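# Inside the fold
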Amino acid sequence: MNSKVTNRIALSLIILCAAVMAGILATLLGYILVKGVSSISWHFLTTSSSPFLAGGGIKDQLWNSFYVLIITMLLTVPIGVSGGIYLAEYAKPGRLTSFIRTCVEVLASLPSIVVGMFGMLVFVNYFGFKFSVFSGALALTVFNLPVIVRVTEDGFNSLSRHQKEGGLALGLTHWHTIKTILLPAAFPSILTGIILSAGRVFGESAALLFTAGLSTPDLDFGNWNPAAPNSPLNLFRSAETLSVHIWAVNTGGIMPDVQTIANGSAAVLVICVLLFNLFARALGKVINQKLSGR
Amino acid sequence: MKIGKVAMDPATATASKSKLINEKGLFWRLTDRTSESRGKVLIYSSAILMIVAVTAITLFLTIQGLRSFVVDHLNFWTFITGTQWYPDRAQNPSFGAFPFIFGSMAVTFLAALIATPIAIGTAIFMAELAKKWGTKVMQPIIEILVGIPSVVYGLIGLSLIVPFMRVHFGGSGFNLLAGAIVVGIMILPTVASIAADSIRAVPDSLRQASYAIGATKWQTIWRVVIPAAGSSLVTAIVLGMSRAFGEALAVQMVIGNVVTLPKSIFDPSATLTTIITLSMGHTTTGSILNDALWSLGFILLLISYVFIVIIRFLSRRRNA
Amino acid sequence: MIQMEKNIVSFSNNTVTKDLPVQINAEDVNIYYGDNHAVKHVNLPIHEKSITALIGPSGCGKSTFIRTINRMNDLIPAARCEGTISYKDVNILNPKVDVVQLRKEIGMVFQQPNPFPKSISENIQLPLRFAGVRNKKTLKEVTEDCLQQVGLWDEVKDRLDRSATSLSGGQQQRLCIARALALKPDVILLDEPTSALDPVSSAKIEELLLQLKNDYTIVIVTHNMQQAARIADYTAFFYQGELIEFGKTRTLFTNPEKKSTSDYISGRFG
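Residues numbered from 1 in each chain as written. Chains lettered and ligands numbered in written order. Predicted model: local features only at pLDDT ≥ 70, side-chain atom pairs only at ≥ 80, totals over all residues. Heavy atoms only, no water.

We count it as follows: UniProt positions are given in the numbering used here, feature names are shortened, and annotations may be inferred rather than shown by experiment.
An unreviewed UniProt entry lists chain B under the name Phosphate transport system permease protein, with Sporolactobacillus laevolacticus DSM 442 given as the organism. UniProt annotates chain B under Subcellular location (unreviewed entry) with the comment "Cell membrane". What the UniProt record of chain B gives under Sequence similarities (unreviewed entry) is the line "Belongs to the binding-protein-dependent transport system permease family. CysTW subfamily."

By the naming in an unreviewed UniProt entry, chain A is Phosphate transport system permease protein PstA, taken from Sporolactobacillus laevolacticus DSM 442. Here chain A is described in UniProt, under the heading Subcellular location (unreviewed entry), as follows: "Cell membrane".

### Brief notes about the overall build of chain B
How we decide: The helix count covers DSSP runs of H or I at least four residues long, the strand count covers runs of E at least two residues long, and both are numbered beginning at the N terminus. Exposure is judged per residue with a 1.4 Å probe applied to protein chains only, and the accessible area is read against the type maximum: over 50% gives exposed, under 20% gives buried, and values in between give partly exposed. What makes two residues a contact is simply this: any of their non-hydrogen atoms within 4.5 Å. The protein chains shown are the only cover counted for residues, whose accessible areas, like all others here, come from Shrake-Rupley with a 1.4 Å probe.
A tally of regular secondary structure across chain B gives 13 helices and three strands. Burial statistics for chain B: of 320 residues in total, 53% are counted as buried. Considering only contacts in chain B between residues 6 or more positions apart, those separated by 24 or more positions represent 67%. Carbon and sulfur atoms provide 67% of the accessible area of chain B, an area that totals close to 14600 Å².

### A short note on helix H4 (residues 95-109) of chain A
Going by this rule: Given the number of residues in a helix, its expected span is that number minus one, multiplied by 1.5 Å.
Here H4 of chain A contains 15 residues, and its C-alpha end-to-end distance of 21 Å stays within 8% of the 21 Å for a straight helix at 1.5 Å per residue. Listed in full, the buried residues belonging to H4 of chain A are Thr97, Ile100, Cys103, Val104, Val106 and Leu107 of chain A.

### Points about the pattern of salt bridges
Short version of the rule: What makes a salt bridge here is a side-chain nitrogen of Lys or Arg within 4 Å of a carboxyl oxygen of Asp or Glu, nothing more.
Inspection of the entire model under this criterion finds 21 salt bridges over all chains. In this structure, Glu105 of chain A engages Arg312 of chain B in a salt bridge whose closest nitrogen and oxygen atoms are separated by 3.5 Å. Within this pair, whereas Glu105 of chain A is found in helix H4, its partner Arg312 of chain B is found in helix H13 (residues 288-319), the two belonging to separate chains. Among the charged side chains, a salt-bridge network with shared partners connects Arg161 and Glu165 of chain A together with Arg67 of chain C.

### Topic: the confidence of the model for chain B
Residues and elements named next belong to chain B. What counts is decided by this rule: The quantity known as pLDDT measures the predictor's confidence residue by residue, on a range of 0 to 100.
In this model, chain B carries a mean pLDDT of 83, and residues with pLDDT of at least 70 account for 88%. Confidence drops under pLDDT 50 across residues 1-17; counting only partners more than four residues distant or on other chains, this segment forms 33 contacts. This prediction of the complex comes with two scores: 0.81 for pTM and 0.87 for ipTM.

### Concerning the domain arrangement of chain A
Residues and elements named next belong to chain A. Just so we agree on the cut-off: Domain boundaries shown here were taken from an automatic or database domain assignment. Buried area: the accessible surface (1.4 Å probe) lost by two parts on joining, summed over both. Polar contacts, as used here, are pairs of N or O atoms within 3.5 Å; protein pairs need one atom able to donate a hydrogen and one able to accept it. Residues neighboring in sequence count only if both atoms are side-chain atoms. Each residue gets one of three labels, nonpolar for Ala, Val, Leu, Ile, Met, Phe, Trp, Tyr, Cys and Pro, charged for Asp, Glu, Lys and Arg, and polar for the others, Gly among them.
By the assigned domains, chain A splits into domain 1 (1-37) and domain 2 (41-291). A C-alpha centroid distance of 33 Å is found between domain 1 and domain 2. Tallying the contact residues gives seven residues for domain 1 and seven residues for domain 2. Of the roughly 510 Å² buried at the junction of domain 1 and domain 2 (both faces included), carbon and sulfur atoms supply 78%. Together, Ile32, Leu33 and Gly36 form the three largest contributors to the area buried by domain 1 at its contact with domain 2, with a combined 59%. Seen at the junction of domain 1 and domain 2, the total is zero salt bridges. Linking domain 1 with domain 2 are zero residue pairs in polar contact (both at pLDDT 80 or more), by the criterion used here. Taken together, the residues that form the side of domain 1 that touches domain 2 break down as five nonpolar, one polar and one charged.

### Some thoughts on the confidence of the model for chain A
For chain A, the mean per-residue pLDDT works out to 85, and 98% of the residues sit at or above 70. Here helix H2 (residues 42-46) of chain A stands out as the least confident element of chain A, with mean pLDDT 81; helix H6 (residues 133-157) of chain A is the most confident, with 91.

### Observations regarding the interface of chain A and chain B
Opposite the 70 residues of chain A that make contact, chain B presents 74 residues. The largest per-residue losses of area from chain A upon contact with chain B belong to Met21, Met117 and Trp247 of chain A, which jointly make up 10% of the total buried on that side. At the junction of chain A with chain B, the criterion picks out two salt bridges. Where chain A touches chain B, the interface holds six residue pairs in polar contact (both at pLDDT 80 or more). Looking at the side of chain A that touches chain B, the element that brings in the most residues is helix H1 (residues 3-37) of chain A, giving 18 residues. Its residues placed into classes, the side of chain A that touches chain B shows 49 nonpolar, 19 polar and two charged.

### Let's talk about a nonpolar patch on the surface
Operational definition: Like-charged residues within 9 Å of one another, or nonpolar side chains (Val, Leu, Ile, Met, Phe, Trp, Tyr) within 5 Å, are grouped into patches, provided each residue has over 30% relative accessible area and no salt bridge.
Nonpolar side chains collect at one region of the surface, where Val5, Ile9, Leu13, Leu16 and Val20 of chain A lie side by side and expose about 410 Å² of accessible area between them. Positionally, Leu13 of chain A belongs in helix H1.

### Structural notes on the pairing of strand S1 (residues 22-33) of chain C
Stated precisely, the cut-off is as follows: When DSSP finds two or more bridges between a pair of strands, those strands are recorded as paired.
As paired elements, S1 of chain C and strand S2 (residues 36-47) of chain C share eight bridges and run antiparallel to each other. Bridge pairing in S2 of chain C places Ile24 of chain C opposite Ile46 of chain C.

### Some points on the UniProt feature "domain: ABC transmembrane type-1" (unreviewed entry) in chain A
Under the local residue numbering, the UniProt record ascribes the feature "domain: ABC transmembrane type-1" (unreviewed entry) to residues 62-280 of chain A. The span residues 62-280 of chain A is 74% helix and 0% strand, and its two end C-alpha atoms sit 21 Å from each other.

### Re the UniProt feature "transmembrane region" (unreviewed entry) in chain B
All names here are of chain B. Per the UniProt annotation, the sites labelled "transmembrane region" (unreviewed entry) are residues 41-63, 100-129, 141-164, 176-199, 220-241 and 292-314. Within residues 100-129, the helical portion is 100% and the strand portion 0%, while the C-alpha atoms at the span's ends are 42 Å from each other. With 100% helix and 0% strand, residues 176-199 has its two end C-alpha atoms placed 32 Å apart.

### Observations concerning the environment of Val104 of chain A
Residue placement: Val104 of chain A occurs in helix H4. With a relative accessible area of 4%, Val104 of chain A lands in the buried category. Between the alpha carbons of Val104 of chain A and Glu165 of chain A there is a distance of 28 Å; along the sequence they are 61 residues apart. Those residues in contact with Val104 of chain A that sit more than four places away from it in its chain are Leu87, Pro146, Val149 and Arg150 of chain A together with Met50 of chain B.

### Here we look at the UniProt feature "transmembrane region" (unreviewed entry) in chain A
Residues and elements named next belong to chain A. Per the UniProt entry, the sites bearing "transmembrane region" (unreviewed entry) are residues 9-34, 66-87, 99-127, 133-152, 181-202 and 261-280 in this numbering. For residues 9-34, helix accounts for 100% and strand for 0%, while the C-alpha atoms at its two ends are 36 Å apart. Between the C-alpha atoms that bound residues 66-87 there is a distance of 30 Å. The span itself is 100% helix and 0% strand.

### Things to note about the packing of aromatic side chains
To keep things clear, this is the line we draw: Centres within 6.5 Å make a pair out of two Phe, Tyr or Trp rings, where for Trp the six-membered ring is used; the pair is then stacked when the planes are under 30 degrees apart, edge-to-face when over 60, and tilted otherwise. Only when the NZ of Lys or the CZ of Arg is both within 6 Å of the ring centre and within 35 degrees of the ring normal is a charge said to sit over the ring.
Counting across every chain of the model gives 29 aromatic pairs over all chains. Relative to Phe127 of chain A, the ring of Tyr126 of chain A lies with its centre 5.5 Å away and its plane at 75 degrees, an arrangement referred to as edge-to-face. Where Phe129 of chain A meets Phe134 of chain A, the ring centres are 5.1 Å apart and the plane angle is 75 degrees; that geometry is what we call edge-to-face. Three or more aromatic residues link up through ring pairs in this structure, and these residues are Phe118, Phe123, Tyr126, Phe127, Phe129, Phe134 and Phe236 of chain A together with Phe60 of chain B. The ring of Tyr32 of chain C carries Arg80 of chain C above its face, with NZ or CZ at 4.4 Å from the centroid.

### Side note on the packing of helix H7 (residues 150-169) of chain B against helix H8 (residues 176-200) of chain B
All names here are of chain B. Cut-off, in case you're wondering: Working convention: axes come from line fits to C-alpha atoms, limited for helices to the stretch in contact. Angles between N-to-C directions cover 0 to 180 degrees. Throughout this description, any angle smaller than 35 degrees is read as roughly parallel, any larger than 145 degrees as roughly antiparallel, any in the 65 to 115 degree range as roughly perpendicular, and the remainder as oblique. Two helices that cross are described as forming a left-handed crossing if the nearer one is turned anticlockwise from the farther one by less than a right angle, and a right-handed crossing if clockwise.
In the contact formed by H7 and H8, the axes pass within 9 Å of each other and the chain directions differ by 135 degrees. Here H8 runs oblique to H7, going by the angle between their axes. In this structure, the crossing between H7 and H8 has a hand that is right-handed. Listed contacts from H8 to Ser150, Tyr153, Gly154, Gly157, Ile161 and Met165 of H7 are Leu177, Ala178, Ile181, Val182, Ile185, Met186 and Pro189. Tallied by class, residues from the contact of H7 with H8 come to 10 nonpolar, three polar and no charged.

Dropping the structure here:
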């Protein structure tokens, strides 16, 4: 065959692939947003879910999702950032370092359900945290840690060597150079990575199934005492998050408006993830402009 | 910096109690706020925690997963090759996990089969044909899609693909192919974005050399760019496969969850992850069924490790 | 070549007539990067309150040597160092040396201006805060004093809280020198401080160094021979890791002992 004809055909096929991709993506987002947004109402967002009646909302699930996310981030960010700093600044090439790198890689590629099973075994049963916000957050910490570690390491590695030398030459200790010069300089890229990972954590479901549970006690949003069993702040109560809720109503829901609830919840979930994404991008841009001194 | 052969007179060194010589004790080092050691404690313990996490996951799941063979005396070989999964039968319960292993494999490979051409095609489109459009429009959208939660993909499958299957291929519409399509779509953005990165990493000089000898755009892509990006592209696909393999809820929502071996891709079936998701909550700790489920989890972990080893191997070969 | 002759004649009159006491003395210093013997058996005295220039073609070991004086080479895991560099009766290369304290006494300025991405005043106050200075008034005074010394005060006094990265390259470099002065070091090491700057900024820095040598010992690495001739009291010529020749700048430039020195300063290689 003429090479020009082959060229034409092949390039057309590639464009077709891209078009198929674009089509799939458009259908996906379109379906969720069009079908889902029509199910979202103030009532939907602020009413508790009902196990068998129509008209239930997602107030508790939405709260749980954010609460688990916040606790997870409180646990992950300090550990993950420290781990990233270790790899970028302290790790000397050798067996131990490459072993730690392998560990990060393994943690990053384990299926989330495996992390969930581990969480159930260790946090829920062994440590006796039961199905709870805290168990869920610990499992998600295991799941999210490698992401933060990588983001931090990349952030540090992209800094110029001159900053570090400047700090050390002034008689700052290595640790203080890191704390006051390198970390602030790497902060924008780390923050962007953290917010992006927050989107991932927010939508995670399989790891929470066996750790945070499939139910939520009747939350009393007037009671902010963390020790009370029905307080929204209680760490040791079970907490069904939004993404687990979508799965649960679809597999075992008996309320008549399953489809509406599922679509609405999915739309809320997707919108939240989109917001995390856009926020991270915008923030990255703003801080970058500020840092460049203009 | 290592320092050797310090030709310093020891007498002068000790005589001059200069501030330059560091002879501070452990206590001082840990209490002084400008000290290096306090930071190091924090940093090193985080690094160690990572090792602890991986070791703990592997150990706990292995111990728990081996219980069914050691404590309950199930035969390992019949466990992984048996096709009969009737744990609840009062007489002669049987634990044959092969349908799930097969289901997981089938979903993974079918998903890769569906995703690879579209993802690589898109990657070539973004990185070679429409660079501006690709980086400005496609790339951000694809990155956002990477972050869409898997349950949402499951929900879409449930509301669009399952009804489609029901109408066109009969049955309930819940089947192996539906599961594969859902995961295939789910891994599309991941594979496409990594593939596009690796195509962009191919140096321009190679392309110019190819155009200079009169190659068409397609010949350049097919003969020069793809071979040069080769193992990175394979890594992208394998990464996608490992995600597909580990996915639980999205597959579970559309695959039908039948414990028998499917006869065609239009039969409902089950995977390792779906059977664990479904049954784990209904079993009591210590029962044989519960132990068997942990063994399935252990197999899941083992195969995940296989994927990790393959990916490492591929990326090491690329670096070499 | 004629240009060169002219420059050699235009030595600064600051050149010392009498040797001041030796502050840092390097004896038989060897530095290795892995298997690469980067600095070989160097013996070099550095006299206090004067400018010592290290010259030589790139890769001759002069930067490696200067970075060893305040142990910046500790950052490179493969680097290894033998010998003695004595300073205040202590061998700087002793592993027990508190490098943090050492670097407070021996400051360093780099080729690429590296102000921290913080405000101008913070750049100077940061090292002071670590040295334990908390008093706000003192901090302010030292900031002004240091900026005055480098002649930057009048240029930036109205925008001390602007980002240091908004300054021009020459201003950034002078800020880095001011930052090094804040800790009142004894010695300032400069590793090609003007090679990233335009000629006007370079001239300002040279002028500044001539003033500073009244209070500080200055060691400067430069690949610009005219610069060495203009400002240095002593010059050391490095070639392929060896110290070929060391002496008073005027002597070394007008009447070099070794052939390779005269080849280099007359521009026959490098």
